[in-house]
Every structure is written in C-alpha cells, then in structure tokens.
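Architecture at a glance
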Number of protein chains: 2
Amino acid sequence: MGRATESEWRDADGKALTDYPRPSVAVDVAVLTVQTGRLHVLVVGRPRGGLALPGSFLRPGERLADAAERALSTKAGLVGADFHQLAMFDAPDRDDRGWVLSMAHGATLPREQLPSDAELVRLDGRVASEPLAFDHADMVSRAVDDLRARYARRVDPSDLLPDSFTVLELRRLYETVFDRSLPKDSFRRLVIDAIEPTGRMSSSGAGRPAELFRRRGDDELPAGAAGLLTD
Amino acid sequence: MGRATESEWRDADGKALTDYPRPSVAVDVAVLTVQTGRLHVLVVGRPRGGLALPGSFLRPGERLADAAERALSTKAGLVGADFHQLAMFDAPDRDDRGWVLSMAHGATLPREQLPSDAELVRLDGRVASEPLAFDHADMVSRAVDDLRARYARRVDPSDLLPDSFTVLELRRLYETVFDRSLPKDSFRRLVIDAIEPTGRMSSSGAGRPAELFRRRGDDELPAGAAGLLTD
DNA sequence: CTAATAGTGTCTTTCAGACATTATCCT
DNA sequence: AGGATAATGTCTGAAAGACACTATTAG
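Residues numbered from 1 in each chain as written. Chains lettered and ligands numbered in written order. Predicted model: local features only at pLDDT ≥ 70, side-chain atom pairs only at ≥ 80, totals over all residues. Heavy atoms only, no water.

Notes on the sheet that holds strand 11 (residues 211–215) of chain A
Residues and elements named next belong to chain A. With respect to topology, 3 strands assemble into an open sheet ordered 9-11-10, the strand pairing being antiparallel. In this open sheet, the two edge strands, each paired with only one partner strand, are strand 9 (164–165) and strand 10 (195–201). Looking at chain direction, strand 10 and strand 11 are connected through 4 bridges and run antiparallel. Following the sheet pairing, Met201 is matched in strand 11 by Glu211. (Pairing = 2+ DSSP bridges. Helix = DSSP H or I, 4+ residues; strand = E, 2+ residues; numbered from the N terminus.)

Observations concerning the protein's contact with DNA strand D
Around DNA strand D sit 20 residues in total, of which A:Arg188, A:Glu211, B:Asp185, B:Arg189 and B:Leu228 are the nearest. Take the atoms of DNA strand D that sit within 4 Å of the protein: sugar and phosphate atoms are 54% of them. The separation between a phosphate oxygen of DNA strand D and a polar main-chain atom of A:Glu211 is 2.5 Å. Of all elements in the fold, only helix 4 (184–191) of chain A together with helix 4 (184–191) of chain B reach the threshold of two or more residues within the surface near DNA strand D. Here the element with the most residues in the surface near DNA strand D is helix 4 of chain A; it accounts for 4 residues. (Near = heavy atom within 4 Å. Polar contact = N/O pair within 3.5 Å; in protein donor to acceptor, adjacent residues only side chain to side chain.)

Description of the UniProt feature "domain: Nudix hydrolase" (unreviewed entry) in chain A
Per the UniProt annotation, the sites labelled "domain: Nudix hydrolase" (unreviewed entry) are residues 20–179 of chain A. Structurally, residues 20–179 of chain A comprises 27% helix and 31% strand, and the distance from its first C-alpha atom to its last is 46 Å. (UniProt positions renumbered as here; feature names shortened; annotations may be inferred.)

Let's talk about the relation of the copies chain A and chain B
Rotating chain A by 180 degrees and translating it 0.0 Å along the rotation axis places it on chain B, where the RMSD comes to 0.0 Å. As the rotation angle and translation indicate, the two copies are arranged about a two-fold axis. Of the C-alpha atoms belonging to chain A, the one lying closest to the rotation axis is found on A:Gly224, 2.8 Å away. A high fraction, 98%, of the interface residues of chain A reappear at the interface in chain B, so the copies pair face to face through one surface. (Least-squares fit on C-alpha atoms with pLDDT ≥ 70 in both. Contact = heavy atoms within 4.5 Å.)

Looking at the interface of chain A and chain B
Taken together, the contact pairs 55 residues of chain A with 54 residues of chain B. Along the contact surface separating chain A from chain B lie 2 salt bridges. Among the ionic pairs, A:Arg63 bridges to B:Asp90, the shortest N-O distance being 2.5 Å. If you look at where chain A meets chain B, you find 9 residue pairs in polar contact (both at pLDDT 80 or more). For the side of chain A that touches chain B, the element with the most residues is strand 1 (residues 24–35) of chain A, which contributes 5 residues. Residue composition of the side of chain A that touches chain B, by class: 25 nonpolar, 14 polar and 16 charged. (Salt bridge = Lys/Arg side-chain N within 4 Å of Asp/Glu carboxyl O. Nonpolar A, V, L, I, M, F, W, Y, C, P; charged D, E, K, R; others polar.)

A closer look at the pattern of salt bridges
All names here are of chain A. Summed over the entire model, instances satisfying the criterion amount to 27 salt bridges over all chains. Across the pair Asp146 and Arg150 runs a salt bridge whose closest N-O atoms are separated by 3.0 Å. With Asp146 and Arg150 both in helix 2 (residues 136–153), this residue pair falls 4 residues apart, about one helical turn. Glu175 is the salt-bridge partner of Arg171, the closest N and O atoms lying 3.5 Å from each other. Residue Arg171 and its partner Glu175 are both found in helix 3 (residues 167–178); the two are separated by 4 residues, about one turn of the helix. Both residues of the pair, Arg171 and Glu175, belong to the buried class. Each of Asp156, Asp159, Asp163 and Arg215 takes part in salt bridges that share partners, so that together they form one network. (Buried < 20%, exposed > 50% of the residue type's maximum accessible area, 1.4 Å probe, protein only.)

Some thoughts on the protein's contact with DNA strand C
The local shell around DNA strand C holds 20 residues, among which A:Asp185, A:Arg189, A:Leu228, B:Arg188 and B:Glu211 are the closest. Here DNA strand C approaches the protein such that, of its atoms within 4 Å, sugar and phosphate make up 49%. Separating a base nitrogen of DNA strand C from a side-chain N or O atom of A:Asp185 is a distance of 2.3 Å. At a separation of 3.1 Å, a base oxygen of DNA strand C approaches a polar backbone atom of B:Arg208. Contributions of two or more residues to the surface near DNA strand C are made by helix 4 of chain A together with helix 4 of chain B. Here the element with the most residues in the surface near DNA strand C is helix 4 of chain B; it accounts for 4 residues. Tallied by class, residues from the surface near DNA strand C come to 7 nonpolar, 4 polar and 9 charged.

Structure below.
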C-alpha cells in the first residue's frame, strides 16, 4: 500500500480501517553458528522453562531489522550481525497473549563472537535437536534454508571464517552448512576462482602448509554451484 | 515470540509493551501473468492517478494470505491464486498516512483467469516498464525473483499452462519467465523426465504434431537446472 | 512433391568425480 | 628418510550446446 486518499481509509461499510484493532508485531531471530563442525542455533531460556529464540516487540517507528538487533543486544549481548527476513508467522492463535505477528529473521555469527556462556542447540540437518517453543522450530529450519541459499551463491557471505583461511577450512565449513561431504578436488575447482590468494601460508601442524586465501567480496560462485552443494 | 509470562509484557521501564502504539499491517500483491510472451503484473489505478499493486489492510484475526486473497477478490475479482510471502516492507515513512507495514506477496495466474479488462503493466526483465507507487516496484522485482526460483525447481508450479501442453509451449513459457532464449534440445532433455506423456497429440497447424504432456506434481527438476536457466 | 514443425542422434566441450602423482612441510 | 598434508595432473563419464538428420503432418 502506498499513500492514498482518505477514501482508501474506509472499507465498504464506511468504517475507518485504522479503527480496526491492530496486531502486535514482534521479531524473532535465529542466530546460527558453527561449533565443533555442526550448525547450532542460539536460544534463550524461558521463565517457566523451555527454550525459545530471542525476540522482541517492535517499537513505534522502529524498523524490523533494528528491533532484531535490539533483541539480540538486550537478550544476548550481541552486536553487528546482519539480519535476513525469513517469513512472517501469522497464525492468529500462535501467541496466547493476543494477536501477535512475528517476523522471523536469520543471522549468522562465528562462535567467537557469541558470549562464551551462550546457550546453543545443535541442529541435525535443518531441524533443531531439542524442542523449541511454538513455531520457533520452523523459523530455525527456514534460517538454514536461507543460509544455504546464500552460501550457494557466494563464498562465506556471513564471514563465519576469519579474514584468511585455507581451502580445507572453507570446505569443512561448507560441509557443515550443507550437511554433506564434499569432494576435495571438485570443491577446490568450484571456489578457486572466487577467492584470492594472500601469498601467506598456513602454519598448521604437520604436512605441507596450505595457502591462505581471502574472500573476494564481489565474486559470485558459478550458477551450477547449487547442484554441487545441494545434490 | 511464543507464549510468555506477564513479565515479558513489560520493558525495562515497566511499561507494558502492548501499550506502545502498534503499526497498521497491510498486504500488497504482485500478480504476475504472461501475455504475448512477456511477463506482466496486475495493477490498479489510484484515485489521484498513478498505478499501484492491489492491497488491503489486515483485519483482526485474519491471516496474511487471507487478506491478500480478499484484496484480490475485492479489487480485481480474482479467486484461487496461491500466494507467496516475499518480504515485509517496513520503512517507517513509506506511507504518509502513518505507520504502515506491508507484507508483499507474489501470485501467479494465467491470463485467462484475469478479467479481460484487467490493467497490466509489462515487465522488462524483472522491472516494471511503468513507474509504480512507492516501494511497489521493488515488490514486483521480488515477485519475479520468487517466480524464477520456483520455476527452476519444478515444472510450471503455478499452472500457467493448461493441463496438457507441448514441450515447445513449456519452453516458450520458461523463456518468458527467465527472459532468455533456451536451447531447444537441452531444454527438452532437462524437463523430459519431470513431465508425463498423455498419449495425445497437439493438433496445431502445420508440421509434425507435437506430443502433449502433463505436469507430474511431485517430480523436481534436477538440481543443476538453475545453472541452465539463470546462467 | 514441398513446407513446416517435432523429435532424435551425434559430436565437441566442459566439468564433476575419482584417483594418482607431485610438492612441501614436520619430526 | 619417512610421515603427513596440500596442490595438481589425468582419466572417465555425464551432460550442455550446437548441429544435422529423421519423422510426420498439411497443403
């Protein structure tokens, strides 16, 4: 809806549409991270027990992404995540406090940027390994779908890896995100043109040192990458 | 947000969160169709001139998809479209009547199911060829993205073609949706295993009659299809 | 017959996938 | 040297893309 004349404010009965009761609008955020080679989602304990995604009500004039950021900083001390809208959950009875719509958001952060005492729930594939309150489990699955779609298009767009990384580290990350093993050489050929050598070498333990690469912000993965990854 | 204790209804100042002013929530719908080999979007004229997507305010207890359907039946006499959430447009100043969030939806219908006097705006690629009110042009582009993503996964999931169709008709449809020409033989090989022969033949004018196929609801296109189509 | 369109066979190139080989570190 | 891991080269099979060829209709 854009701007409109007064007439558009009234329905067929002449009732002003803004006189109808309005819903409360909330945001919930599924913060995904990688720990010990598995995807995890950040949750918060609920007062009466049980687990839920961090969330908040939208305040007057606030944007959804700002409410999501505020929810994360208030409930988990996090800043600097980038949020992606997933879907609006709108079942009228989803919240017994009344009519509350919730915009689900996905965000992704490396484990180090989460508080060390953050409560994490492991994911098996795209589903949480523990029950979450209400429709939050669906939100988590949607967040994984979104994460995979973004990682199929670009190389580590959410900076889960540090600035420089080896191809092996990148492949392990992708195996975690897509929950499948990826062939070493095909994967290298897939990504090699979308990353940039730093010239430096990794000084990990034994064996030949691996070359360190950095992301190349602009470059997209080839269009057929989705096939390789999601096959 | 799920159910919560009373404490979660109050913010740090003890103010009840439901006492905050709430936004109006609207839905807008980008109905896409194919006419003369081009994508078009259904628009409605605005009282003071200009074009906009059909939309409506959300009524108490109503679901977003129901509001979208109501908007379409009221403003364009349409029923039976399936709606897909695209994104919530939430700029606080996007509507000068006040604080109005709008959930953009995409829908797709064959031209025959639209009123013959429906106002259609042609698309050039993913952008409308005429200016639309406010953020509605962005909504249209998102609708095209969504349409392409769905058509890359399944064969004509929105039933733009009739129950039975030839491979040529299907290819012309895909060329329209993806706005690029597709090789005749590669396209046939891509889709042939995801459609079902009816045994009947098309009796179009000259030349060898083409076999008629039908959709096979369950079957997905191969994962690499996105590469072929969006290359 | 010719014109027109549908459908298939074939060749080349590309690339995934598997495997082997070489390269470069460590102890 | 020997072990370990990185990186690359090679082969095969599958599939895209281009092209030509065959098949089947109308007139």
